Amino acid sequence: MADVKDYYHALVEAAGDDDLGLIIAIGELLGIAALVAKRWTEWRGCVVLYAGDNTNVIGWLTKHGAGNRLARHVLRVMTFLGIEGGFRLFPAFIRTYHNTALDYISRAAAEAVR
């Protein structure tokens, strides 16, 4: 498994910004997008609740928009899949301090994930 620093620079380049908070949020958004891309055909007619602890991601999902071009593109893909798949994704902010799955995707070193 790749360490976050292995793809951090690629995200910075794609995002056009090196703000750590933004890069972490984009990493978490990509984790959600991966789940949507995997499950969208199975969710027809469903209401899907995403509970997360990143206010950037929750805001982007709520507004269906973001200031960053990479985040906007990922949101467009997710919106397309939601329309084509006939499901609705509703974000909810929950302060967890234990969002390990998406925290691992966006921040953990390879050794911690193994």
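Above: the structure in question.
Anyway, here's the lowdown on the structure attached to this text. Just so it is clear, the model here is predicted, and its values are computed rather than measured.

What counts, and where the lines are drawn
Residues numbered from 1 in each chain as written. Predicted model: local features only at pLDDT ≥ 70, side-chain atom pairs only at ≥ 80, totals over all residues. Heavy atoms only, no water. Core = buried A, V, L, I, M, F, W, Y, C linked by side-chain atoms within 4.5 Å. Buried < 20%, exposed > 50% of the residue type's maximum accessible area, 1.4 Å probe, protein only. Helix = DSSP H or I, 4+ residues; strand = E, 2+ residues; numbered from the N terminus. Contact = heavy atoms within 4.5 Å. Axes fitted to C-alpha atoms, helices over the stretch in contact; angles between N-to-C directions. Parallel < 35°, antiparallel > 145°, perpendicular 65-115°, else oblique. Left-handed = near helix turned anticlockwise from the far one by under 90°. Nonpolar A, V, L, I, M, F, W, Y, C, P; charged D, E, K, R; others polar. Pairing = 2+ DSSP bridges.

### Some points on the nonpolar core
Ranked by internal contacts, the top residues of the largest apolar core, which has 27 residues, are Leu-29, Trp-60, Leu-61, Met-78 and Leu-89. For this core, the secondary-structure elements that each account for two or more residues are α1 (4-15), α2 (20-39), β1 (47-52), α3 (55-63) and α4 (69-85). The dominant element in this core, judged by the number of residues it contributes, is α2, at 8 residues. Setting aside residues up to four positions removed in sequence, Leu-29 forms contacts with Val-57, Trp-60, Leu-61, Ala-71, Val-74, Leu-75 and Met-78.

### Some remarks on the packing of α2 against α3
Across the interface, α2 lies against α3 with an axial gap of 8 Å and an inter-helix angle of 55 degrees. The angle between the axes of α2 and α3 places the two elements in the oblique class. α2 and α3 meet at a crossing whose hand is right-handed. Contact with α2, carried on its side by Gly-21, Leu-22, Ala-25, Ile-26, Glu-28, Leu-29 and Ile-32, involves Asn-56, Val-57, Trp-60 and Leu-61 of α3 and no other residues of that element. Considering only residue class, the contact of α2 with α3 consists of 8 nonpolar, 2 polar and 1 charged.

### Comments concerning the pairing of β1
Each regular strand shows side chains that alternate between the opposite faces of the sheet. The alternating pattern of β1 places Val-48, Tyr-50 and Gly-52 on a buried face and Val-47, Leu-49 and Ala-51 on a face that is not buried. Relative to strand β2 (residues 88-93), β1 runs parallel, the two sharing 6 bridges. Bridged to Val-48 within β2 is Leu-89.

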